[in-house]
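Each chain, letter by letter, is given below.
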Amino acid sequence: MSLTDDLYRDIILEHFKSPHHHGKLEPADITVEGVNPFCGDEVTLTARVSNGIMTEIQALAKGCSISQASTSMLTDAVQGQTLADAQRLAAQFKQVMLEGGPAAWPEALEDLEALEGVKKYPVRIKCAIMAWNALLEGIQDYTKETAVTGGAKPSAISHQPSASASTGLTETQVREALQAVEDPELHWSIIELGLVYGVQIGGGLVTVDVTLTSPGCPYGPMLLAQIHHAVKELPGVQQVKVNVVWTPPWDPRTMATDDVKMELGIG
Ligand code: ZN
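Residues numbered from 1 in each chain as written. Predicted model: local features only at pLDDT ≥ 70, side-chain atom pairs only at ≥ 80, totals over all residues. Heavy atoms only, no water.

Caption draft 1: Inspection of the sheet that holds strand E2 (residues 41-50) at higher detail. A sheet is described by the order of its strands in space; here three strands give the open sequence E1-E2-E3, paired in antiparallel fashion. Looking at the sheet topology across the chains shown, the edges are occupied by strand E1 (30-36) and strand E3 (53-62). In this sheet, adjacent strand axes meet at a mean angle of 15° when their direction is disregarded. One ladder, built from seven bridges, connects E1 with E2; its direction is antiparallel. (Pairing = 2+ DSSP bridges. Helix = DSSP H or I, 4+ residues; strand = E, 2+ residues; numbered from the N terminus. Axes fitted to C-alpha atoms, helices over the stretch in contact; angles between N-to-C directions.)

In structure tokens:
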């Protein structure tokens, strides 16, 4: 273990032992939870927002040292920042973790560098980015809610009217075909994980609403292609539309089958 590794480990342990901004703000403008089913990490972020600035943030994290340390660093990094800056920082952090490449963190955020060592352990990356995904989700929800009412509403997923299917194809058949598509990280069928939120059949067009285990899912595009392919092969299907949806956020505790929950230890 090199001197740098030692240093990084110390920084991570320091945050783990005494997490910064520990707690839960009530009331809060932003309240959001994140989970990482891999090692049972959980986080609740609460924040107060004033004039677009995250004036105060607190976090309660449970789980492994990486997820807790990352959460603690997150609170240091974004308190006092504008929402836009916090989003940019989260996106940058995720990019560094998922795609590699050196990051030049400002001096005040140099603790984040310690987490880059985690990149060597792909399974731990989920631990490191969990809180940042939650932050992004929380800011997004907050921004949506505070958008001027009467303004452009987020366009809902365009559900095709379920015109009488001339193909005779049923939703059950589509779901059966999707049983074969596995989440590449969790190795469970996307049906059993509860990632498929909806199937609509209208003539030769099949629309599948699906979510991913996390917004940072690096396998997203591959998974969508597999879904497309599996449905396209069904008899009578002319066109397949795969919509990625984030509402409601995927939660294996309520959405997955009992088998999956047992396997993940969240039954
Ligand atoms: Zn973890």
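Caption draft 2: Seen up close, the coordination of the zinc ion. Those donors, Cys 39 (SG), Asp 41 (OD), Cys 64 (SG) and Cys 127 (SG), are the protein atoms that reach the zinc ion, and they lie 2.0 to 2.3 Å from it. Taken together, the four donor atoms surrounding the zinc ion define angles of 92 to 127° at the centre, an arrangement classified as tetrahedral. One chain supplies every donor to the zinc ion, and in sequence these donors are spaced C-x1-D-x22-C-x62-C. (Donors = N, O, S within 2.8 Å, 3.2 Å for Na, K, Ca; no water. Tetrahedral: all angles 85-135°; square planar, octahedral: opposite > 155°, others 65-115°.)

Caption draft 3: Local environment of the packing of helix H2 (residues 65-78) against helix H5 (residues 122-146). It is the contact of H2 with H5, at a shortest axis distance of 8 Å, that shows an interaxial angle of 35°. Crossing of H2 over H5 shows right-handed handedness. Contact residues: H2 offers Ile 66, Ser 67, Ser 70, Thr 71, Leu 74, Ala 77 and Val 78, while H5 offers Arg 124, Cys 127, Ala 128, Met 130, Ala 131, Trp 132 and Leu 135. Of the residues that constitute the contact of H2 with H5, the class distribution is ten nonpolar, three polar and one charged. (Left-handed = near helix turned anticlockwise from the far one by under 90°. Contact = heavy atoms within 4.5 Å. Nonpolar A, V, L, I, M, F, W, Y, C, P; charged D, E, K, R; others polar.)

Caption draft 4: Region of the structure containing the nonpolar core. One finds Ile 30, Met 54, Val 78, Phe 93, Trp 132 and Leu 135 to be the most contacted residues of the largest nonpolar core, which totals 46 residues. Of all the secondary-structure elements, those providing two or more residues to this core are helix H1 (3-17), E1, E2, E3, H2, helix H3 (83-99), helix H4 (112-115) and H5. If you tally residues by element for this core, the top one is H5, at twelve residues. Dropping the residues within four chain positions of it, Trp 132 is found in contact with Ser 70, Leu 74, Ala 77, Leu 89, Ala 90, Phe 93 and Leu 112. (Core = buried A, V, L, I, M, F, W, Y, C linked by side-chain atoms within 4.5 Å. Buried < 20%, exposed > 50% of the residue type's maximum accessible area, 1.4 Å probe, protein only.)

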